[in-house]
Amino acid sequence: MEEIPISLTEENFEASVQIIVNRCLYYCFHSDFVNGNKQCSDFIVAGKIIYHNRPWGEENPLYTHLYLTLILVKGLEEFLRMQQLLQTPGWLQDHKKIEQVWSQFWDTKKKFDYFNDNCCYSPNPLDKLTENLDKVESYLFDKLGRGLYMSPDILVKKSQCNICQLDLRACEHISGWFYNGVPCQEVALDIEIVSVSVVQSPYDMKCRIWPWNKVFENKYSVRIVNAENIDDFIRKK
Amino acid sequence: MEDLELEQILAGLGVSENKAFGFDILLLPEFYKLKDKFVDAQDSLLLNKLLKKEGLSSANAFDLGADINSVERKSSDIWLGTIFILSDVVLPIFIDVVSGLISKAVSEKRDRKHENAPYPSVHLKLRIKENGTETEINYKGDAETLDKILKSIKPK
């Protein structure tokens, strides 16, 4: 694929994003990990600079599109990484590799789902690749079983809104809605894990109990809560 | 969740009944046995804000002056706590907002599950008080059935 460098400006934003996303999708469909990773990471670096520096004015709806496109492209980068792991010979015989594949799959799926739920482009560029991801999901459950997961009850004693830094109960911002390109999120400042249950349908599929992580008789080493957010990579400047 | 009357919950929160006067909808906490205290259900704050956006007069424990914790259950279920409707005039908008919230939440949470996983359940206690009569719905189940139940409720 011939590559001409693209610079993102306010005027050419939608056309440039379309070209870049199409390139990333091409590499995903052709399992071209080297070029795909480069294309994705170049866009993420450039997009983050614009997102943080706000060169198109403080208030511009394009920042929401940019945020969602960053999530989309990061999802594509993770899709490529997952594909690469799935092509590693013998990964199903290696416990650590299985955990890596599982974790990589859910990182990818969370980003795809978030983008699909908030998609700002028509047609949705992820439609076809989401079908491929669904096939991977079926394959993983077929090979690894349904599994059991940890699911904690967390008491939130103090939290604030990431938009206005006030107590989330006292402000007008609504979780999940975008405010000048920034999604409103609850920032928990003081929490207590009250209990942990073993469930079949958890909030976080990465909290899976793996039988080989037995540390002593009926004691297992497991992840009970996942503090990662899908946009951690955007927040890190 | 205990079956508590409005007055009992307000008393448990240390809130006088006068403070609740004038609101059409109260989104009140649940009694959380593990900590032996009242806590806000995880999705009730979002619901309260959405109701206010629609211009309804709703209040949660914080609005009534009670500073309590909330509980986040990291499961795929949707927890709305105990809701008192004190004027059935608001029912149509209330039902639209609840249905919208639930269908969006179910779609988002369902995305993250394999095809054989159980659908997220909705947990809700709804009390509709009007003219001395009370309709009570204690619900734990799928979103579609709840939607049908809510849409079948008619103001008296």
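To be clear, the structure that these remarks concern was listed above.
Anyway, here's the lowdown on the structure attached to this text. (Residues numbered from 1 in each chain as written. Chains lettered and ligands numbered in written order. Predicted model: local features only at pLDDT ≥ 70, side-chain atom pairs only at ≥ 80, totals over all residues.)

Thoughts on the overall build of chain A
Working step 1: Counting its regular elements, chain A contains 6 helices and 6 strands.
Working step 2: What you see in chain A, going N to C, is helices and strands ordered as α-α-α-α-α-β-β-β-β-β-β-α.
Working step 3: For chain A, the spread of C-alpha atoms along the principal axes amounts to about 60 × 50 × 30 Å.
Working step 4: Across chain A, contacts joining residues at least 24 apart in sequence account for 62% of those joining residues at least 6 apart. (Helix = DSSP H or I, 4+ residues; strand = E, 2+ residues; numbered from the N terminus. Contact = placed C-beta atoms within 7 Å.)

Concerning the packing of helix H2 (residues 33-53) of chain A against helix H3 (residues 62-86) of chain A
Residue and element names in this part refer to chain A.
Working step 1: Direction vectors running N to C along H2 and H3 enclose 155°, while the axes themselves pass 9 Å from each other. As summarised for this structure, H2 and H3 are arranged roughly antiparallel, according to the angle between their axes. Two packed elements cross with a definite hand, and for H2 against H3 that hand is left-handed. Facing Phe 33, Gly 36, Asn 37, Cys 40, Ser 41, Phe 43, Ile 44, Gly 47, Lys 48, Ile 50 and Tyr 51 of H2, the residues of H3 in contact are Tyr 63, Leu 66, Tyr 67, Thr 69, Leu 70, Val 73, Lys 74, Leu 76, Glu 77, Leu 80 and Gln 84.
Working step 2: A per-class count over the contact of H2 with H3 returns 13 nonpolar, 6 polar and 3 charged. (Axes fitted to C-alpha atoms, helices over the stretch in contact; angles between N-to-C directions. Parallel < 35°, antiparallel > 145°, perpendicular 65-115°, else oblique. Left-handed = near helix turned anticlockwise from the far one by under 90°. Nonpolar A, V, L, I, M, F, W, Y, C, P; charged D, E, K, R; others polar.)

Some thoughts on helix H1 (residues 13-29) of chain A
Residue and element names in this part refer to chain A.
Working step 1: Under the 1.5 Å per step criterion, the end-to-end length of H1 is 24 Å for 17 residues, consistent within 8% with the ideal 24 Å.
Working step 2: When H1 is considered as a whole, its buried residues turn out to be Val 17, Ile 20, Val 21, Arg 23, Cys 24, Tyr 27 and Cys 28. One side of H1 carries all its buried residues, which in axial view fall inside an arc of 155°. Exposed side of H1, more than 90 degrees from the buried face: Ala 15, Asn 22 and Phe 29 are the residues found there. (Expected span 1.5 Å × (residues − 1). Buried ≥ 20, exposed ≤ 12 C-beta atoms within 10 Å, placed from the backbone. Arc of directions from axis to C-beta.)

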